Amino acid sequence: MSQSFIRPHAGKITPMESAKKENLRETLSSHRPHSSQGLTENLIRLTLELNAETIACYWPLPSEPDTTDFNNWVELLGKTLLTPRIVGDTLEFASGPASKATMGILEPSGPAVNLNTAELILVPAMAVDNLGNRLGKGRGYYDRALFGSSVPRFAVIFDEEFLELVPTEDHDLRMNGSVSPSAIRYLNN
């Protein structure tokens, strides 16, 4: 992966914002998982609206919104599915058959590709707000991987995780929208 797309956490992480984010993560995690019914249809609709042929998505962990049927649909239609794999402290994206790897995540077997070849990026999130602020799991993998990319990026959440405000830090990248089982939201940011 090109070094221009790797960005470490910028600046100092403020203890207060970091604590707010961790408290919110704990609260949201204690209520997961929720139903993903309707999510596949909304992901398909978004893909068709954006006319995306190359889609970056993720293979879900049991607690995350379930993108499995969507990923299968992408591959069945002959579109290109890029999924992440962890390499050190970065994510790289590739296509190809997936197998369990680091942290129990399914990871692709193909060679790494530039994420800017995607036309849509679907990012797992614990929450998102109407400004596009995303709460991830706190390791910054996606913030670093998406830095410098102009590809539309949508947070994938459960319905209950669209919040009024998500605490942010300087290194957090905003989403262009969110997708949940009941809604697609294009966000102004």
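Residues numbered from 1 in each chain as written. Predicted model: local features only at pLDDT ≥ 70, side-chain atom pairs only at ≥ 80, totals over all residues. Heavy atoms only, no water.

**What to know about the nonpolar core**
Part 1: In this structure, Phe 70, Phe 93, Ile 121, Leu 122 and Leu 146 are the most contacted members of the largest nonpolar core, which totals 41 residues.
Part 2: Contributions of two or more residues to this core are made by helix H2 (39-49), strand E1 (54-56), helix H3 (68-76), strand E2 (80-87), strand E3 (90-94), strand E7 (120-124), helix H4 (141-146) and strand E10 (153-156).
Part 3: Residues within four places of Ile 121 in sequence aside, it is in contact with Ala 56, Leu 115, Leu 146, Ser 149, Val 151, Pro 152, Arg 153 and Phe 154. (Core = buried A, V, L, I, M, F, W, Y, C linked by side-chain atoms within 4.5 Å. Buried < 20%, exposed > 50% of the residue type's maximum accessible area, 1.4 Å probe, protein only. Helix = DSSP H or I, 4+ residues; strand = E, 2+ residues; numbered from the N terminus. Contact = heavy atoms within 4.5 Å.)

**Observations regarding the pairing of E10**
Part 1: Side chains of E10 alternate between two faces, with Arg 153 and Ala 155 and Phe 154 and Val 156 buried alike.
Part 2: Direction of pairing for E7 relative to E10: parallel, over a ladder of four bridges. Paired with Val 123 across the two strands is Ala 155, which belongs to E10.
Part 3: With three bridges connecting them, E10 and strand E12 (residues 177-179) associate as parallel partners. Its bridge partner being in E12, Ala 155 is matched across the sheet by Ser 178. (Pairing = 2+ DSSP bridges.)

**As for the confidence of the model for the chain**
Part 1: For the chain, the mean per-residue pLDDT works out to 84, and 80% of the residues sit at or above 70.
Part 2: The least confident element of the chain, judged by mean pLDDT, is helix H1 (residues 15-30) at 63; the most confident is E1 at 98.
Part 3: Low pLDDT (under 50) marks residues 1-13, which in the prediction has 27 contacts with non-local residues, meaning those over four places away or in another chain. (pLDDT = per-residue confidence, 0-100.)

**Points about the sheet that holds strand E6 (residues 112-113)**
Part 1: The strand order E6-E3-E2-E1-E7-E10-E12-E13 describes an open sheet built from eight strands, whose pairing is mixed. Both outer strands of the open sheet, E6 and strand E13 (184-186), are each paired with one neighbouring strand and no more.
Part 2: Contacts between H2 and the sheet are confined to E1, E7, E10, E12 and E13, with E13 contributing the most and set at about 40° to the helix.
Part 3: Across the sheet, H3 lies against E1, E2 and E7, angled at about 125° from E2, the strand it touches most. (Axes fitted to C-alpha atoms, helices over the stretch in contact; angles between N-to-C directions.)

**Re the environment of Phe 154**
Part 1: If you trace the backbone, Phe 154 turns up in strand E10.
Part 2: By relative accessible area, Phe 154 is classed as buried at 1%.
Part 3: Remark: the alpha-carbon pair of Phe 154 and Met 175, spanning 21 residues in sequence, is separated by 5.5 Å.

**Comments concerning the pattern of salt bridges**
Part 1: If you walk through the whole model with that rule in mind, you get three salt bridges.
Part 2: Ionic pairing is found between Glu 53 and Lys 79, a salt bridge with its closest N-O pair at 3.0 Å. Here Glu 53, found in the loop between H2 and E1, pairs with Lys 79, found in the loop between H3 and E2; they are 26 residues apart in sequence, far enough to count as distant.
Part 3: Take Lys 79: its relative accessible area is 12%, and that puts it in the buried class. (Salt bridge = Lys/Arg side-chain N within 4 Å of Asp/Glu carboxyl O.)

**Overview of unusual backbone geometry**
Part 1: Its identity is not glycine, yet Asn 51 carries a phi of approximately 55°, on the positive side.
Part 2: Residue placement: Asn 51 occurs in the loop between H2 and E1.
Part 3: By relative accessible area, Asn 51 is classed as exposed at 58%.

**Considerations on the side chain of Asp 143**
Part 1: Looking at the secondary structure, you find Asp 143 in helix H4.
Part 2: Arg 134 is the oppositely charged side chain nearest to the buried, salt-bridge-free Asp 143, at an N-O distance of 4.4 Å.
Part 3: Engagement of the side chain of Asp 143 in a polar contact is seen with the backbone nitrogen of Leu 173, the distance being 3.1 Å.
Part 4: Those residues in contact with Asp 143 that sit more than four places away from it in its chain are Arg 134, His 171, Asp 172 and Leu 173. (Lys, Arg positive; Asp, Glu negative; His and termini not counted. Polar contact = N/O pair within 3.5 Å; in protein donor to acceptor, adjacent residues only side chain to side chain.)

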